[in-house]
Amino acid sequence: MATVAKTEGIKAFSATHDWESADYEPTLPVSEMSNPLTRNIDRAPASSIVKMLQACDAQMFQEKSGAAYERLLSDQVAKSLMEVAKRVQLILKNPQDSLIVLSGCGTSGRLAFFITSGFNRELRRLNHSAVCSYIIAGGDRALFSSQEAPEDDPISGALSLKKVSEGKKRVLFIGISCGLSAPFVAGQLDFCLQHPDVYTPVLVGFNPAHQARNEPIPGCTFTFHSVVTKMRELAKMQKAFLINPVLGPEAISGSSRMKGGSATKILLEVVFYAAHAANFSRTPITYNGILQHMRSYGKVLDITYSQTEGIAAVMEAAGRSLQCGRGLCYLSWGFLGLLGLIDASECKPTFGADYKDIQGFVGGGCKELGNKEDDLNLMGAESGIAHIDFLHNVLPCLTDKDTVLLLYSHSDDVDEVANLARRVREKTSNMHAVYHQTDGDTAAQQGEINKLCSSTLNFIWPQATPASMGLQHMWELSTKLVLNAVSTGAHILKGKVYQNYMIDLQVTNSKLYCRAARLLQRLSGHPKSLCEEALLKAIYQVDKLTEDIMTCNLTTHTHTARKVKKVVPLALVCLLTGYSIKEAQSHLEQKPIVREAVEACLQEQTLFSGSL
Ligand code: S6P
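As the structure is a computational prediction, the values presented were derived from the model and not from experiment. (Residues numbered from 1 in each chain as written. Predicted model: local features only at pLDDT ≥ 70, side-chain atom pairs only at ≥ 80, totals over all residues. Heavy atoms only, no water.)

## Notes on the overall build of the protein chain
When you go through the protein chain residue by residue, the secondary structure sums to 23 helices and 12 strands. Its C-alpha radius of gyration of 24 Å places the protein chain within 12% of the 25 Å reference for a compact globule of 612 residues. Summarising its shape, the C-alpha atoms of the protein chain cover approximately 75 × 60 × 50 Å along the three principal directions. For the protein chain, buried positions account for 60% of its 612 residues. Residue pairs in contact within the protein chain that sit at least 24 positions apart in sequence constitute 76% of those at least 6 positions apart. (Helix = DSSP H or I, 4+ residues; strand = E, 2+ residues; numbered from the N terminus. Rg over C-alpha atoms; globule rule 2.2 N^0.38 Å. Buried < 20%, exposed > 50% of the residue type's maximum accessible area, 1.4 Å probe, protein only. Contact = heavy atoms within 4.5 Å.)

## Things to note about the sheet that holds strand β4 (residues 199-204)
Taken together, the 5 strands give an open sheet; going across it, the order is β2-β1-β3-β4-β5, and neighbouring strands pair in parallel fashion. Of all the strands in the sheet, the pair left with one neighbour each is β2 (132-136) and β5 (241-243). In this sheet, adjacent strand axes meet at a mean angle of 20 degrees when their direction is disregarded. The sheet contact formed by strand β1 (residues 98-104) and strand β3 (residues 170-176) spans 7 bridges and is parallel. Within the sheet, the bridge partner assigned to Leu99 lies in β3 and is Val171. Of the strands in this sheet, β1, β2 and β3 are in contact with helix α4 (residues 106-125), which crosses β2 at around 160 degrees. Helix α5 (residues 154-164) rests against β1, β2, β3 and β4 of the sheet, and its axis sits at about 155 degrees to β2. (Pairing = 2+ DSSP bridges. Axes fitted to C-alpha atoms, helices over the stretch in contact; angles between N-to-C directions.)

## Quick notes on helix α7 (residues 224-235)
With 12 residues, α7 ought to run about 16 Å at 1.5 Å a step, and its terminal C-alpha atoms sit 16 Å apart, in line with that. Buried positions along α7 lie against α6 (183-194), β4 and β5. Backbone nitrogen of His225 and a side-chain oxygen of the N-cap are separated by 3.2 Å at the start of α7; the cap is Thr223. (Expected span 1.5 Å × (residues − 1). Polar contact = N/O pair within 3.5 Å; in protein donor to acceptor, adjacent residues only side chain to side chain.)

## Description of the UniProt feature "domain: SIS" (unreviewed entry) in the protein chain
Within this numbering scheme, the UniProt entry marks residues 88-281 and 318-496 as carrying the feature "domain: SIS" (unreviewed entry). Spanning residues 88-281, this segment combines 43% helix with 14% strand, and its end C-alpha atoms are found 15 Å apart. (UniProt positions renumbered as here; feature names shortened; annotations may be inferred.)

## Some thoughts on the environment of Ser529
The residue Ser529 is located in helix α18 (residues 528-540) in this model. With 116 residues separating them in the primary sequence, Ser529 and Asp413 have C-alpha atoms 57 Å apart.

## Quick word on the nonpolar core
Judged by nonpolar contacts, the single largest core of 152 residues is most densely connected at Ile100 and Phe272. Per element, the largest residue contribution to this core is 11 residues, and it comes from helix α16 (residues 468-493). When sequence neighbours within four positions are dropped, the list of residues in contact with Ile100 reads Val88, Ile91, Val131, Cys132, Ser133, Leu172, Ile174 and Phe272. Counting residues in each nonpolar core, the second largest holds 32 residues, with Ile135, Phe184, Ala186 and Ala209 among its members. (Core = buried A, V, L, I, M, F, W, Y, C linked by side-chain atoms within 4.5 Å.)

## Focus on the side chain of Ser524
Looking at the element boundaries, Ser524 is found in helix α17 (residues 510-524). Here the side chain of Ser524 touches Leu520 through a polar contact of 2.7 Å, landing on its backbone oxygen. In terms of polar contacts, Ser524 uses its side chain to reach the backbone amide nitrogen of His526, at 3.0 Å.

## Thoughts on the site of the ligand
Neighbouring residues of the ligand: 16 residues in total, closest Ser108, Glu151, Ser177, Cys178 and Lys511. Note that an oxygen atom of the ligand is positioned 2.6 Å from one of the side-chain N or O atoms of Ser108. Protein chains shield 95% of the accessible area of the ligand, which is 410 Å² for the free molecule. Element by element, the count of residues in the shell around the ligand is highest for α4, at 3 residues. Broken down by class, the residue content of the shell around the ligand amounts to 3 nonpolar, 9 polar and 4 charged. (Near = heavy atom within 4 Å. Areas by Shrake-Rupley, 256 points an atom, 1.4 Å probe, with all protein chains shown as cover. Nonpolar A, V, L, I, M, F, W, Y, C, P; charged D, E, K, R; others polar.)

## Considerations on the pairing of strand β7 (residues 358-362)
Of all 5 residues in β7, 5 are buried, a share of seventy percent or more. The alternating pattern of β7 places Ile358, Gly360 and Val362 on one face and Gln359 and Phe361 on the opposite face, and all of these are buried. Of the strand pairs in this sheet, strand β6 (residues 328-332) and β7 are connected by 5 bridges, and their pairing is parallel. Looking across to β7, one finds that Cys329 is bridged to Gln359. This β-α-β element, β6 to helix α11 (residues 334-351) to β7, shows right-handed connectivity. (Right-handed = clockwise from strand over helix to strand, strands pointing away.)

## A closer look at the sheet that holds β6
Overall, parallel pairing links the 5 strands, which are arranged β7-β6-β8-β9-β10 in an open sheet. Both edges of this open sheet fall to β7 and β10 (455-461), since each of them pairs with a single strand only. Taking each pair of neighbouring strands and ignoring which way they run, the sheet shows an average axis angle of 15 degrees. Each of β6, β8 (403-409) and β9 (431-438) is contacted by helix α14 (residues 414-427), which is oriented at about 170 degrees to β8, the strand it contacts most.

Printed below as a string of structure tokens:
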């Protein structure tokens with residue numbers, strides 16, 4: 001009931017700010033639009049930030065009759081989920097020579113891994129063979145560190161799919177691209193379309209099909225859009241499936257790790273859960289069953305955001321840490337830990353963060369996670385993800401200025417949690433916890449852990465949730481929402497967001513390059529060509545573009561951009577003031593809070609144009 005009431009409230013609010021109307025940011029796909037609900041998120045106090053995030057998340061579950069777009073709870077979405085669940089069930093029934101592959105880039109690839117691991121683990125528990133495999137652009141090192149460039153490579157997408165499914169006679173391929181945009185996934189879908197005897201392609205994303213990216217992909221005859229068009233034709237004969245409800249714009253424009261990631265997790269878990277129940281408990285896959293399961297995720301939002309003040313307290317603590325150049329550490333156990341690692345790794349491309357700003361650590365590290373490539377430690381310092389790494393590398397230097405967040409549930413080894421909490425408490429009093437338990441189950445040590453922490457978000461879930469997989473999924477989504485809120489809010493408080501735009505994003509692939517150029521246009525009011533010029537000058541750190549630079553391709557630009565800090569703010573200051581790159585750099589050094597630097601320039605410009 002609560003979900004419906006809240007959703008009604010949001011509906012009324014968004015009616016006056018209608019991102020669904022045809023003239024709202026008409027050149028942008030929904031996944032890239034700016035959300036009217038969060039226009040002023042950069043100036044809001046922590047508790048209002050949490051409320052805005054809640055309102056944005058609630059848009060996922062809005063049910064609107066006659067709406068322009070398919071939504072999460074739309075008829076067509078539920079029907080497609082049923083059909084895909086039936087395909088999964090067929091593979092469970094007859095796993096020989098069959099495989100399900102989940103694939104994506106960045107957060108979408110990480111969730112492909114997360115969902116695959118969870119499903120295979122459950123199958124093994126039932127002595128069933130594992131039928132699922134994952135692919136992430138950039139390989140396993142992209143699981144916990146930002147690797148945005150491989151997203152642009154359709155050939156490597158297709159080759160990795162070919163390799164993982166070698167010798168299989170029937171493959172259900174589920175490609176995830178929230179923006180219907182990643183060339184890596186387009187390459188894989190195209191490969192499936194060329195081998196229809198073996199592959200059935202499924203696409204999960206959150207734009208209407210006509211908004212799929214239509215830019216040419218270097219070296220390819222297809223675009224994401226052309227692949228989607230072919231899939232739509234095949235979908236009529238159920239030879240391909242499109243699951244693309246619209247969720248409303250992200251709270252921070254383009255940050256698909258937030259709603260996009262949550263919806264990916266919800267949709268695929270609903271599919272796998274239904275197929276699993278059909279195969280192992282003979283529960284038929286029904287339309288109502290699918291819808292009911294989806295709605296239960298809506299309740300997770302209510303339960304999670306019922307602790308607005310608690311989430312805001314952790315966000316404020318983390319914001320203070322980031323403001324003074326210190327960090328936030330997630331210490332976790334089991335699979336909730338994986339969400340901490342994922343959340344931490346996303347902050348680099350999103351906010352231009354350093355890996356030390358937000359770090360995640362989970363029990364035994366890689367060994368516990370069941371990824372494919374065994375030596376993630378090849379990644380160097382950024383790869384130390386076990387508690388032992390935390391004890392060696394982070395604990396000795398920890399102070400009250402750092403924030404530590406424990407993530408655990410009553411099914412974890414709570415003795416271990418208490419031990420680590422005691423050690424952390426010796427170094428900092430700035431320790432908080434997120435704790436999940438079911439109604440009636442309490443861990444004896446929880447009281448002590450609570451006393452050691454400055455605040456605890458204690459989520460108590462009703463026992464009634466069906467079957468073991470279901471409850472775990474709810475805890476996971478709840479944890480994801482809390483972590484996304486804390487890390488996003490902390491970066492907002494640090495001044496890394498202007499209005500609801502990430503102004504210090506990394507420009508490390510073609511999608512991010514285009515987003516950066518668009519942002520410069522929007523904020524400076526200058527034409528596209530001038531903005532791209534300024535962007536290139538900032539990337540190459542020159543005041544004049546040479547012939548050489550002008551003839552380089554986009555891949556070279558985005559490769560070079562990896563090494564430069566604050567590319568977009570630099571380009572913007574140059575555009576607004578006419579400063580040289582060096583002058584703009586020193587201006588940014590004097591005003592290290594990016595939002596304030598940008599605001600100062602925008603104000604100067606307004607004053608200047610007013611005095612003319
Ligand atoms: C987004 C995140 C990115 C995306 C990646 C894939 O917040 O930082 O890593 O997940 O770019 O995007 P998509 O649209 O193909 O799922």
